[in-house]
Structures are given as C-alpha cells and as structure tokens.
Amino acid sequence: MSSEVDQKNYGFFNKSRLVVKKALPQPQNEGDGAVVRRSIGTMDLQSLDPFLLFDEFAVSPPAGFPDHPHRGLETLTYMLQGAFCHEDFAGNKGTIKTGDVQWMTAGRGIIHSEIPVGEGTQTGLQLWINLSSKDKMVEPRYQDIVSQDIKRVEREGVQVRIIAGESMGVRAPVYSRTPIMFLDFTVKPGAKLHQNIQESWNAFVYVIEGEGIFGSMNSSPSMAHHGLVLGHGDGLRVWNKSGKPLRFVLIGGQPLNEPVVQHGPFVMNTQAEIDQTMEDYRYRKNGFEKGKYWKSQTLSSKM
C-alpha cells in the first residue's frame, strides 16, 4: 500500500488542529419543555460555516418540538438514547431510535414535528447545516439511517461510527449537498487517535462522556458537554489519559463563504429572501402549500 493511501486513510498528517475556543454550554429551555445544551448558535458562537446550530437535547414526554417550519438548511438528528417520532406536512412519518440518524433537507420548505416516544428522558444531538444559495430552494428530502447500517471500525482501542465522511479507510454512504464529516468516536483508556480533516474545512468537537486531551499533549483535558472549536490543520490528535472511556463527535464541513441571514428556522442569503420566506410561510405558498390545513397527528393525539 502506498504512503499516499496511508496518509489519506490512516491518520497521518502534517499539522494537528489545536483547540482555539472551548465552552461548556449551559442547559436552556427550547421547544415545548425540551432542554438543550447549545454550543453553536449562541451569542458567543453564532455559526461555524457551514454549521448554524448544534444542540445536545434531553426531552421527556410530553415535551418535544411541536409543529414548526424550516427553509434553506439541512438538519441531522442523531439519537443517543431513546426514540423520537418525526412527522411532516407531506405525509412523511417515522421513528428514529438509539443510534439512528435522520438527515432532513428542508430546502424550499417543510413543516414538521419532533416528539419523543416512550417513557423517560430521550437524548440526542442535532446539527443544522447551511445550504448554498443554489440549493436553498430544492425539494425536501430525507435520509434515515438505522443504527445497524452505520459503518463501524475499531482499531487499537478506538471505535468509530461513521455517520458522514471517512475514517480509518471507511466512508459513509450518505449524500450531503454541503460536504461534511460526522464521526462518533469511543476511545478506550490509554488509547490515542489520529484523524484526518480536510485542511480547508471548519471543524469542532463535542464531548459526550468521559474526558480527553485534544490537539496537543499540553492541553488541559476536556470533559463531557464541552464544545471545542478547532483551529487550522489537516488532522486531529486525541489522547485518553483517564481511566474511563472517552466518547465524542468530531464534525467538520466545507465552508460556503456566502452571506447568511437567519430568522429562527429560516436561513437565506439576503433580508429580502427572509421577508419573502416569512410571507410564503404566512400565506402557505411557494413550498408551504401543504401546511395550510395540516397539524401533526402525533401532536394532536397528545392534546
């Protein structure tokens, strides 16, 4: 096997990215009784091109995210524990369970609900990905990936679930209009990780559990619920010096380098496009027609 292939697939790179911003997001209320820890989409970090929002959510019935619209973006929902039922105005309905992923391209318009299923607290991660100006008005699209279909690799004390992008020579089969990577790593005590990242991409880490050292051996450990923005480089080094497993997601994406004008769940390039979106949603036209008389059955059954 050539050294070029080695460098591409097996964690050899020139410069490890360092942590340039570290934050511990505090729990806050969102939706209808849900609690989120938001590390992107705040006053401190409004966005990280192409990412608009990143939440770790915890929801117990009857709380949830009732009927709401989107335009101009994609959402990726990754269930850590429990299950969520999704339903939209086009008749799409389904449930994602522990380890499952739903990738929704809202495009020109969608109205949907996201409601927890079952008792107890349901937890997961949600990422909002911006769409380029040429893709903002595409037809809505879904990619649902059940846990057993997510590719896994384990090597030298490191396990990775490859939701998007590539790791250890294995690539995820999902299609994304905006190129991204979304990798779920579990690093055993004493193990270390070298992961390639496209040099031109923005990237960040979110620690799910345990604690680890990211970027440089001289860095202080980062613990659960911390969000870490990574600086420039073509890869990331991680060490687990603790006595417990470290679990985190590494997320990166190709910047769009386009103007962003956001109004809640609507993300466009100009204020005029936002004004038009507000009118379209209000009068249920230009992509929102199916929402004129629609109300989610999941929500209605709880009322």
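Basis of the calculations
- Residues numbered from 1 in each chain as written.
- Predicted model: local features only at pLDDT ≥ 70, side-chain atom pairs only at ≥ 80, totals over all residues.
- Heavy atoms only, no water.
- Pairing = 2+ DSSP bridges.
- Helix = DSSP H or I, 4+ residues; strand = E, 2+ residues; numbered from the N terminus.
- Domains from an automatic or database assignment.
- Contact = heavy atoms within 4.5 Å.
- Buried area = accessible area lost by both parts, 1.4 Å probe.
- Salt bridge = Lys/Arg side-chain N within 4 Å of Asp/Glu carboxyl O.
- Polar contact = N/O pair within 3.5 Å; in protein donor to acceptor, adjacent residues only side chain to side chain.
- Nonpolar A, V, L, I, M, F, W, Y, C, P; charged D, E, K, R; others polar.

Draft legend 1. Main features of the sheet that holds strand 20 (residues 211–214). A sheet is described by the order of its strands in space; here four strands give the open sequence 18-23-20-21, paired in antiparallel fashion. Every other strand in the sheet has two partners, leaving strand 18 (192–196) and strand 21 (222–223) as the edge strands with one partner each. For strand 20 and strand 21, the ladder comprises two bridges, and the chain directions are antiparallel. Of the residues in strand 21, the one forming a bridge with E211 is M223.

Draft legend 2. Summary view of the domain arrangement of the protein chain. Annotation of the protein chain at the domain level lists domain 1 (24–149) and domain 2 (151–258). Each of domain 1 and domain 2 has a C-alpha centre, and these two points are 21 Å apart. If you look at the interface, domain 1 gives 34 residues, while domain 2 gives 33 residues. Area buried by domain 1 at its contact with domain 2 is led by D49, Y78 and W103, which between them contribute 19% of it. Run the count over domain 1 and domain 2 and you get one salt bridge. Among the ionic pairs, R177 bridges to D135, the shortest N-O distance being 3.3 Å. Counting across the domain 1 and domain 2 interface gives 15 residue pairs in polar contact (both at pLDDT 80 or more). Put simply, the parts of the chain that give the side of domain 1 that touches domain 2 at least two residues each are strand 3 (34–40), strand 4 (51–59), strand 6 (73–81), strand 9 (101–105), strand 11 (122–130) and strand 12 (141–145). Classifying every residue of the side of domain 1 that touches domain 2 gives 19 nonpolar, eight polar and seven charged.

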